[in-house]
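# Observations on the three-dimensional arrangement
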Amino acid sequence: MLTPIVIDGLSDAALLFLVAVGLTMVFGVLRVVNIAHGSFFALGAYAAITLGLWAGALGLSQALSYGALVLSALLVAALFGPLTERLCLRATYGRGEIAQMLVTFGIFLILDDVQKLVFGVQERQNDAPLSLLGVCNLGGIVYPVYQIALVGLAVVVAFSLRWFLRGTRAGKLVLSVVHDAEMARFSGIDTAKVSVAAFTFGVFLAALGGSLASPITGAAPGMSAEATILAFAVAAIGGLGRVEGAGLAALIVGLGRAFAVYYAPAFDRATPYLVMFAVLLFRPQGLLGVVETRRL
Amino acid sequence: MKGPRALLWVCLAAAAVAVALASPWASFILTVALAKGLAALGVALLLRAGLMSLGHALFYAAGGYGAAYLARWLGVTDLLLLLGAGFLSATVLGLFTGAVLVRYRAIFFAMLNLAASMVFFSLVTKLYNLTGGSDGMPLPVPTMFGLKPGQGLFYLTLACVFVCAGGLRRYLDSAMGQGLGAIATNEIRLEYLGISVNGLLFVNYAISAGLGGLGGALAAIAIGHVTPELFFWTTSAQLLLGAALGGAGSVAGPFAGMLLLEGVRTAASQYAPLLWEMAMGLCALAVALFVPQGLSGIVDLPQQWKRAVQ
Amino acid sequence: MLKLEALRVKIAGLEVLRGVCFEVPDQAVVALVGRNGAGKTTTLRAIMGLVAPEAGRILLDGQDLAAIAPHRRAHCGVGYAPENRQLVPEFTAEDNVLLPCLAMGLGRQETRRRLELVYAVVPELAALRKRRAAGLSGGQGKIVALARALAAGTRLVLLDEPFEGLAPALAASYAAALHRLRRATPAVAMLVTESSPALLASVADLVLYVERGAIGREPAASKRS
Ligand SMILES: Nc1ncnc2c1ncn2[C@@H]1O[C@H](COP(=O)(O)OP(=O)(O)O)[C@@H](O)[C@H]1O
Ligand SMILES: [Mg+2]
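What comes next is a walk through the structure. (Residues numbered from 1 in each chain as written. Chains lettered and ligands numbered in written order. Predicted model: local features only at pLDDT ≥ 70, side-chain atom pairs only at ≥ 80, totals over all residues. Heavy atoms only, no water.)

Before going further, it helps to spend a moment on the overall build of chain A. Scanning chain A from N- to C-terminus turns up 12 helices and 2 strands. Each helix (α) and strand (β) of chain A, taken in turn from the N terminus, gives the series α-α-α-α-α-β-β-α-α-α-α-α-α-α. Over its C-alpha atoms chain A spans a radius of gyration of 19 Å, differing by no more than 12% from the 19 Å that the globule rule assigns to 296 residues. Here chain A holds 296 residues, and the buried ones make up 57% of them. Of the contacts formed within chain A by residues at least 6 apart in sequence, a portion of 78% connects residues at least 24 apart. In the structure as shown, chain A presents an accessible area of about 11400 Å², 69% of it carried by carbon and sulfur atoms. (Helix = DSSP H or I, 4+ residues; strand = E, 2+ residues; numbered from the N terminus. Rg over C-alpha atoms; globule rule 2.2 N^0.38 Å. Buried < 20%, exposed > 50% of the residue type's maximum accessible area, 1.4 Å probe, protein only. Contact = heavy atoms within 4.5 Å. Areas by Shrake-Rupley, 256 points an atom, 1.4 Å probe, with all protein chains shown as cover.)

So, in structure tokens, the structure goes:
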């Protein structure tokens, strides 16, 4: 009984981490709670499915659909990242949460309709990446290999991100902006440039999450809203701005949801928010969040 | 100051009545818009104290479900009783949540409210036998003292708007209401003066929850149906958008914001059914980027110019 | 080197600096002394471009700093050690010191040259090198913040209340570092704030007094020869 729960929980956690990691990173750098995050997640999913189906229709090798997963995330990031940051977000820096929330909610609403116009209102699915890898048998239950591989992929994303932030010049600059934008500025960092780059990277992560999830979840209207709220929950539980926190929170929520499905099915949907409520009540800054010290 | 504002209100009301008389369809749209305006007013009340709630839909939905349950369990169809049930259930819920949540500020307050509303959303969706699940519950055609109300619901909504707006104006002008603004600017100074900030916020939270419930109940009765979507975060975000669009600075702002939003939504769904969200999104961007004070800020612009000239 | 002309700064509607005028001569160490809330920090922050002046000018070797974006001031050779240190807790002490070099994209050789100078001036840093900034004491943090300011400040170094809260032994070694800096790089000018003039008496060429946002009387202005 335990094995399938844990496997379900882990693969759910992988998806949750992929949904949330971009949101938490963008908050860390820009201090913007990006309601439009889920829109980029959904766009990534739609783009991956569309590209994959095109590749299939053109008779190209099926293996190309894996390339399409990454390519679509890059496309979404390049198309929307710089534009959104420059035109909309920049005007809200330092203006408080309400302005940010209005702007990102506005973008969310606009992109919702863009999705419907471009991709229609039917559910879309490309299971080539899923079927290509086949299935495996774990503890007597058959899983698509892709679903198991996704856990590995999430871990790879987590560690690459860690390596990027800790081990590269760009990453170190981003981290120092995350920690203290003012200090970054007087140390010679062009924080405006870092903001565009980081937001675009955050959009990339969001879209990548969507594209990697798309073979399993498909894409349909309403996906953005669902992704945004789950990302909020996971990011807030882990501590906004904390990548490791998002990983930990995804594990807790994923496993919690899997247990709920088996033992208390009425509560499976509520699990993320119950955990979120409980954690924030006692630790408003999240599990791994640090208390901000405000300068006077 | 008093004169022009009262005149503005009278003009607005007259315009609303005129439009409503023209067609029942228009009166329905206006009823829903004003009902949502009441809930947005609750959101604006929190904004005044510097608190942003991302979960106010909880009370809006609780108002609707409260009314629906009264009808479902006791077969009540009387408009005033349904309204009372909605208002009470939201207020009681607000007293409980408020007691816990007013200790938190800024993004933490927003997130906790969001979490609370999403817990309800998820449970209401799942507990089919108790709540009708994602199908929701119907509300009966209401009666007023045993009669068919016709346009009565619209007039009742209008009356609620006037009573609430007037009462709130009084409240905001009182020492307590003035304290709210002080919380947003300098909470610590208020504590030094021996004022319990959390106590003040608690009262404020309860009032804003009650407004949400009243609005939710009115809207639910007008629509004749409640669904879990009422609890969803996008509803909260729309209420917040309405409040910000109208401007949290004045009591009329949230109503103006919601009327505009519902107007845009109605127009868009008439002429471009796939684009109403985009239209609303553009409204949100326009307000955030170009009119940070909201519509009531625009109303105040001539006064500012006058002052600038003097 | 640095010249402030009638600098006015408002914070939250209050005039915090009301016409600050003074000059840091080439190669000089200037002490800016004043009580808490006098406006010392704000003066340094204005020089770094972290608060925008209402009026007045700040000139660095005759060039108006208004035309230079805040993040470019490090590139101009101005280093700043804020009073509350502002280190990146996840970084090691050395990574914190190297941050300005990294930010400015300095070459490997130039970075090594600067780091060597920093170690020569602040030998205490060697023991802290690999420690994460999160685990440093307040005093050790001040040493690291000084080192970081030196890594950027090839022309001018701004130090905000460096001795505040330092244990006597650490304060002595901090003062010794300032003396070493004088000897190692006499061309670098310094502007150091403090709430009492005594601590800076031995380093400063010139002591200025700030009071309520303006340069006030100089009760005991001492000019060393
Ligand atoms: N962020 C701020 N908000 C409000 N007032 C401030 C702020 N920063 C500084 N001040 C005010 O500006 C004045 C000067 O502050 P500061 O430059 O920090 O003085 P010093 O460094 O000499 O102690 C003080 O009266 C302080 O109260
Ligand atoms: Mg100071």
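Past the structure itself, the notes keep going.
Turning our attention to the packing of helix α6 (residues 145-167) of chain A against helix α7 (residues 169-179) of chain A. Residues and elements named next belong to chain A. Where α6 contacts α7, the two axes come as close as 5 Å, and the packing angle between them is 80°. On the basis of their axis angle, the class for α6 and α7 is roughly perpendicular. Where α6 abuts α7, its residues Phe164, Leu165, Arg166 and Gly167 lie against Arg169, Ala170, Gly171, Lys172, Val174 and Leu175. Residues belonging to the contact of α6 with α7 are distributed by class as follows: 5 nonpolar, 2 polar and 3 charged. (Axes fitted to C-alpha atoms, helices over the stretch in contact; angles between N-to-C directions. Parallel < 35°, antiparallel > 145°, perpendicular 65-115°, else oblique. Nonpolar A, V, L, I, M, F, W, Y, C, P; charged D, E, K, R; others polar.)

Next up on the list: the pairing of strand β4 (residues 55-60) of chain C. All names here are of chain C. As judged from the 5 bridges shared by strand β1 (residues 2-11) and β4, these two strands associate in the antiparallel manner. In the sheet register, Glu5 faces β4, and the bridge partner there is Arg57. Inspection of the sheet shows β4 paired to strand β5 (residues 63-64) by 2 bridges, in the antiparallel sense. Within the sheet, the bridge partner assigned to Leu60 lies in β5 and is Gln63. From the end of β4 to the start of β5, which pair antiparallel, there are 2 residues, and Asp61 there has a positive phi angle of about 50°. (Pairing = 2+ DSSP bridges.)

Counting contacts across all 2 pairs of chains that touch, the top-ranked interface belongs to chains A and B. Separated without contact, chain B and chain C have their nearest C-alpha atoms at a distance of 11 Å.

Facing the 18 residues of chain A at the interface are 23 residues of chain C. Here chain A meets chain C over a buried area of about 1900 Å², counting both sides, of which 63% is carbon and sulfur. Counting the surface chain A buries against chain C, the share from its top three residues, Lys172, Phe186 and Ser187 of chain A, is 31%. The interface formed by chain A and chain C contains 3 salt bridges. Among the ionic pairs, Glu90 of chain C bridges to Arg242 of chain A, the shortest N-O distance being 3.5 Å. Summed over the shared surface of chain A and chain C, the result is 7 residue pairs in polar contact (both at pLDDT 80 or more). Elements with a contribution of two residues or more to the side of chain A that touches chain C: α7 and α8 (181-186) of chain A. Per-element tally for the side of chain A that touches chain C: the top contributor is α7 of chain A, with 6 residues. Considered class by class, the residues forming the side of chain A that touches chain C number 5 nonpolar, 4 polar and 9 charged. (Buried area = accessible area lost by both parts, 1.4 Å probe. Salt bridge = Lys/Arg side-chain N within 4 Å of Asp/Glu carboxyl O. Polar contact = N/O pair within 3.5 Å; in protein donor to acceptor, adjacent residues only side chain to side chain.)

In the neighbourhood of ligand 1, 11 residues make up the surrounding shell, with Gly37, Gly39, Lys40, Thr41 and Thr42 of chain C lying closest. Looking at the residues close to ligand 1, they fall on chains A and C. With respect to ligand 1, the backbone of Gly37 of chain C contributes an N or O atom lying 2.6 Å from an oxygen atom. Between ligand 1 and Thr42 of chain C, the relevant distance is 2.5 Å, taken from an oxygen atom to a side-chain nitrogen or oxygen of the residue. Isolated, ligand 1 exposes 550 Å² of accessible area, and the fraction of that covered by the protein chains is 64%. In terms of residues, the shell around ligand 1 owes the most to one element, helix α1 (residues 40-48) of chain C, which gives 3 residues. Within the shell around ligand 1, the residues separate by chemical class into 4 nonpolar, 5 polar and 2 charged. (Near = heavy atom within 4 Å.)

Contacts between the two partners involve 45 residues from chain A and, on the opposite side, 44 residues from chain B. Area buried by chain A at its contact with chain B is led by Leu102, Arg269 and Phe277 of chain A, which between them contribute 15% of it. Remark: the boundary between chain A and chain B carries 2 salt bridges. Lys116 of chain A is the partner of Glu277 of chain B in a salt bridge, and the nearest nitrogen-oxygen pair spans 3.0 Å. When contributions to the side of chain A that touches chain B are tallied by element, the ones reaching two or more residues are α3 (64-89), α4 (97-119), α10 (223-238) and α12 (271-282) of chain A. When its residues are assigned to classes, the side of chain A that touches chain B shows 34 nonpolar, 3 polar and 8 charged.

All right, on to the sheet that holds strand β8 (residues 189-194) of chain C then. Residues and elements named next belong to chain C. Pairing is mixed across the open sheet formed by 6 strands, whose spatial order is β6-β7-β8-β3-β9-β10. With partners counted over all chains shown, the strands left at the sheet margins are β6 (78-81) and β10 (214-215), one partner each. Note: strand β3 (residues 29-33) against β8, 5 bridges, orientation parallel. Considered in β8, the bridge of Val33 is made with Glu194. Helix-sheet contacts for α1 involve β3, β6, β7 (156-159), β8 and β9 (206-211), and the interaxial angle to β8 is about 150°. Sitting on the sheet, helix α6 (residues 138-152) touches β6 and β7, and the angle it makes with β6 is about 170°.

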